[in-house]
Amino acid sequence: MDLNVEKALQEWKDEINSLLNEIDQKYDEVRSELQVYTYKYNITKQVVQSTMNEEIIRTIREQYQKPFEKSFIELKESIKDLEEKKKVYQMFVDKIDKVLDKGENKI
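An account of the accompanying structure is given in this report. (Residues numbered from 1 in each chain as written. Predicted model: local features only at pLDDT ≥ 70, side-chain atom pairs only at ≥ 80, totals over all residues. Heavy atoms only, no water.)

### Things to note about the nonpolar core
Counting nine residues, the largest nonpolar core consists of I23, V30, L34, Y37, Y41, F68, L75, I79 and L82. Breaking this core down by element, the ones donating at least two residues are α1 (3–50) and α2 (54–106). Excluding residues within four positions of it along the chain, V30 makes contact with L75, S78, I79 and L82. (Core = buried A, V, L, I, M, F, W, Y, C linked by side-chain atoms within 4.5 Å. Buried < 20%, exposed > 50% of the residue type's maximum accessible area, 1.4 Å probe, protein only. Helix = DSSP H or I, 4+ residues; strand = E, 2+ residues; numbered from the N terminus. Contact = heavy atoms within 4.5 Å.)

Here it is, written out as structure tokens:
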């Protein structure tokens, strides 16, 4: 494999690895936030189940449970998207590595 081709592929791989690092950082942030909303949602749900007063239950659901549930669902979707992105970009890295390894074996 020509050195300029190998260098270009390596630079592309480095660029993709940089993107993967950004995805990993974002994933960690979202995962932490998801964990917080999981606790908030579950605590709110337990409180609602233990409360008898319908007016208080309605208030809690409107103020806390529904917004927490919405955030929880959005964060779960975001995690799925980030996992898919990571998988796709990792395929790029794997394919580039495979091409680079084949190129080295031909020399």
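### So, the pattern of salt bridges
Under the definition given, this model contains seven salt bridges. Here K70 makes a salt bridge to E74, at a shortest N to O gap of 3.4 Å. A residue pair is termed a helical-turn pair when its members lie 3 or 4 positions apart in one helix, as K70 and E74 do in helix α2 at four residues. A residue is classified by how much of its surface remains accessible, and K70, at 54% relative accessible area, is exposed. (Salt bridge = Lys/Arg side-chain N within 4 Å of Asp/Glu carboxyl O.)

### Topic: the side chain of T44
Its location among the elements puts T44 in helix α1. You can call T44 buried: its relative accessible area is 8%. Setting aside its immediate chain neighbours within four residues, T44 contacts I60, Y64, Q65 and F68.

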